[in-house]
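Chain by chain, the residues run as shown.
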Amino acid sequence: MSVLPEPLQTCERLGHAVFTRGDYNLNIVCVRNDLAPEPNAFDDFITVTYRVQNKWHSIWYPATTDPGRYWLLHPMRLEGTAILKPGQYRGSHQIGLHKGKPALVQVGELEIFRDNDRDEHLDPVGETRRGYYGINVHRAGTNSTQVNKWSAGCMVFKSSYHCDELMTLCEQSSELYGDRFTVTLIKASDMK
């Protein structure tokens, strides 16, 4: 078998499942920039890696895996703004709608931190909680430049076109493997 593309090598090294069998068996891996994060920037990636006729395809989309500045300063919930904890969440999302637009919506438990100091710096530390928080994979605007209100903890594409491309792949994949998708979040510092 050919060498796994990044970020699947990192996933495998971290002990996460990697889907290598069959065409369009999607590996959706989000990569958080923990090396030099910008609090309101699309400085992370949502990646999708899959095989077609034994050839790997890996696409990296500019995105955020962090809440925007607005929600850090004005949390929706009293206990603070959600920040997804790195890890693999098997079957956690399925095709649905986020504010009327196609998205991957949370249907399985996720683990989060709560940032409640109401400043614009991300604080993914301390006690975590596991549950259902409406942390979806969705689009921002046509080509957004800042996160702001686009994310209150979701994984958000900078460009709506990129989200549309992923959703087309998810539709193809769902015909073969069902409509539940595994979402994995890794840190940039975990990659070699």
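Caption draft 1: Representation of the overall build of the chain within the structure. Secondary structure summary: the chain contains three helices and 11 strands in total. Walking the chain from its N terminus toward its C terminus, one meets helices and strands in the order α-β-β-β-α-β-β-β-β-β-β-β-α-β. In terms of C-alpha radius of gyration, the chain reaches 16 Å, essentially the compact-globule figure of 16 Å for 192 residues. Dimensions along the principal axes, computed over C-alpha positions, put the chain at roughly 50 × 35 × 30 Å. Within the chain, the fraction of its 192 residues that count as buried is 50%.

Caption draft 2: Broad picture of the pattern of salt bridges. Evaluation of the coordinates by the stated rule reveals eight salt bridges. The salt bridge involving Asp 66 is made with Arg 32; its shortest N-O contact spans 2.9 Å. Placement of Asp 66 in the loop between strand 3 (55–64) and helix 2 (69–73) and of Arg 32 in strand 1 (residues 27–32) is noted, with a sequence separation of 34 residues between them. Residue classification places Asp 66 among the buried positions, given a relative accessible area of 2%.

Caption draft 3: Representation of the pairing of strand 6 (residues 101–106) in the model. Bridge analysis of strand 5 (residues 87–98) against strand 6 gives six bridges, and the strand direction is antiparallel. Considered in strand 6, the bridge of Gly 96 is made with Ala 103.

Caption draft 4: The side chain of Ser 160, seen in detail. Along the chain, the position of Ser 160 falls in helix 3 (residues 160–177). The exposure class assigned to Ser 160 is buried, which follows from its relative accessible area of 8%. Every residue in contact with Ser 160, bar those within four places of it in the chain, is listed here: Arg 139, Ala 140, Gly 141 and Thr 142.

Caption draft 5: Fine view of the packing of aromatic side chains. Considering all chains together, one arrives at four aromatic pairs under this definition. A ring pair is formed by Phe 45 and Trp 60, whose centres lie 5.4 Å apart and whose planes are at 75 degrees; its orientation type is edge-to-face. Placement of the pair is Phe 45 in strand 2 (residues 44–52) and Trp 60 in strand 3, with a sequence separation of 15 residues. Accessibility expressed as a relative area gives 32% for Phe 45, which makes it partly exposed. Since its relative accessible area comes to 33%, Trp 60 is described here as partly exposed.

Rules used throughout
Residues numbered from 1 in each chain as written. Predicted model: local features only at pLDDT ≥ 70, side-chain atom pairs only at ≥ 80, totals over all residues. Heavy atoms only, no water. Helix = DSSP H or I, 4+ residues; strand = E, 2+ residues; numbered from the N terminus. Rg over C-alpha atoms; globule rule 2.2 N^0.38 Å. Buried < 20%, exposed > 50% of the residue type's maximum accessible area, 1.4 Å probe, protein only. Salt bridge = Lys/Arg side-chain N within 4 Å of Asp/Glu carboxyl O. Pairing = 2+ DSSP bridges. Contact = heavy atoms within 4.5 Å. Phe/Tyr/Trp six-rings, centres within 6.5 Å; stacked < 30°, edge-to-face > 60°.

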